Amino acid sequence: MKRIMTLACIATMASAAFAETAPDDVAFTQYGELEQSLSGQPGDPEAGKAIMVARGKGNCIACHQVTALEEFPFHGNVGPSLDGIGSRRSAAELRGIIVNAKMTFEGTIMPAFYRVSDFTRPGDAFTGKAADGPLSPLLTAQEIEDVVAYLQTLQD
Amino acid sequence: MKKMLLTGSAVGIALAMMTAPVFADEDADLLINGEIEITVRTDAPPHMENVDTIYSGWVFRSTETQALEMDDFENPGMIFVDDAIEAWETVEGTEGKSCADCHGDPDGMAGVRATYPKWNEDAEEVRTIAMQVNGCRTEQMGAEAWKYDGGDMLNMEALLASVSRGIPVNVAIDGPAQSMWEKGKEIYYTRFGQLDLSCANCHEDNYGNYIRADHLSQGQINAFPTYRLKNAQLNGVQSRFKGCIRDTRGETFAVGSEEFIALELYVASRGNGLSVEGPSVRN
């Protein structure tokens, strides 16, 4: 009996520590920040770097110039340069901006990378056809943590 | 070019220019065959609230792409105009008529392209030029309608554009066309798809900027149909709209739909004052 209780207890703790937050459940602060890791795990900056430049993933350099990513052409300039962003913004701010930048910048052009509802005519990826079934977020919880970790390496 | 871009830091812009693959001479003027003057930048029409100057997409293309449009022998789109001249003179349908039987020489159509889409009194609808061509085919010639944005139609649109080159776009937005125009305007400012982007986000707020290697224009349609180097064929206005909505990860509207007719009218009116320029060359 005792043993079972301990196990149950560990299981609860573990699932609390590693619980993934679903896109519809994220709770922003009034400034659009997100304090908790979405995946319950730390991010991997190297994986984050790959996501930043991959067209089918974050494709962040489509809009942002990043000097540290110069080997990956071409960088757009629709958004501000992200050089030194890790010294200017906290992890909570960065996470909030990537999850849904509109919570930080009202009306911004930057897409929400972890949002699955309230779109007008959502499509089935880039086919032009209507989405069939629920949408997946543009990036997974862990991928967002990876990008946050990479952005924190961009120091002035 | 716009306030936001300037504050977007001069450094960002300079760096993007360094990494961008192509350069545009945004101050260049367009003279076709050394004689047809094309207005590629002018004051925005009064109905536009957020833009002072309107630009043809030609302005944002690379010097090489720009050059292809300056001489009809270099412009691959002109080959299709020749095909359409043949179709213009060909008798088709139960009435035994060709376009030429009613309209004479294609040159006689100079100025027509500049006013479309426009209200058709008899049909009581806003018609794009493609709808009007099909109207002539089915109602006057007893011939079959051409496919919207299909090859025959785009060739004919290229011919009709080519004889209007240099004439300013002058689409009516009031009177019976007004409600369609309002509808088109609403679509232009609606954010579509999972990327949640409107036409205005890219073509009003960010023209002159780069999305990755794409140099954003104002998304004007004065120069349609366009011969795109990317797919080596003529491209229609509404097919282009479709591609842009698809790129928002959105569900597009159909070519020929009421929504796209409205959007075409609205976007055309944003180009009032630019010259008719088709068939143009784009990448």
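The structure we're discussing is the one just above.
Residues numbered from 1 in each chain as written. Chains lettered and ligands numbered in written order. Predicted model: local features only at pLDDT ≥ 70, side-chain atom pairs only at ≥ 80, totals over all residues. Heavy atoms only, no water.

**Student:** Explain the packing of helix H6 (residues 129-141) of chain B against helix H7 (residues 151-162) of chain B to me, please; I cannot follow it from the model alone.
**Tutor:** Residue and element names in this part refer to chain B. Two elements in contact, H6 and H7, have axes whose closest approach is 10 Å; the angle formed by their N-to-C orientations is 110 degrees. For the element pair H6 / H7, the angle class is roughly perpendicular. Residues Ile129, Ala130, Val133 and Asn134 of H6 lie in contact with H7, whose contacting residues are Met153, Met156, Glu157 and Leu160. Partitioned by chemical class, the residues of the contact of H6 with H7 number 6 nonpolar, 1 polar and 1 charged. (Axes fitted to C-alpha atoms, helices over the stretch in contact; angles between N-to-C directions. Helix = DSSP H or I, 4+ residues; strand = E, 2+ residues; numbered from the N terminus. Parallel < 35°, antiparallel > 145°, perpendicular 65-115°, else oblique. Contact = heavy atoms within 4.5 Å. Nonpolar A, V, L, I, M, F, W, Y, C, P; charged D, E, K, R; others polar.)

**Student:** Help me out: how do you make sense of the sheet that holds strand S9 (residues 226-228) of chain B in this one?
**Tutor:** One key point about sheets: their strands pair by backbone hydrogen bonds, in either a parallel or an antiparallel sense. All names here are of chain B. A sheet is described by the order of its strands in space; here 3 strands give the open sequence S10-S9-S11, paired in mixed fashion. The open sheet has two edge strands with one neighbour each: strand S10 (233-235) and strand S11 (280-282). Mean inter-strand twist for the sheet, computed between neighbouring axes without regard to direction, equals 40 degrees. In terms of strand pairing, S9 meets S10 through 3 bridges, oriented antiparallel. Its bridge partner lying in S10, tyrosine 227 is registered against leucine 234. (Pairing = 2+ DSSP bridges.)

**Student:** Sorry if this is basic, but what is going on with H7(B) here?
**Tutor:** Note on helix geometry: an α-helix contains 3.6 residues per turn, so any two residues three or four positions apart are oriented the same way. Residues and elements named next belong to chain B. Relative to the 16 Å expected for 12 residues at 1.5 Å per residue, H7 spans 16 Å between its end C-alpha atoms, a close match to the ideal helical length. Counting buried positions along H7 gives 10 out of 12 residues, so the element sits mostly inside the fold. Residues of H7 that are buried in the fold lie against helix H4 (78-88), helix H5 (99-103), H6 and S10. (Expected span 1.5 Å × (residues − 1). Buried < 20%, exposed > 50% of the residue type's maximum accessible area, 1.4 Å probe, protein only.)

Everything listed here is a matter of coordinates, which is why it stays silent on function.
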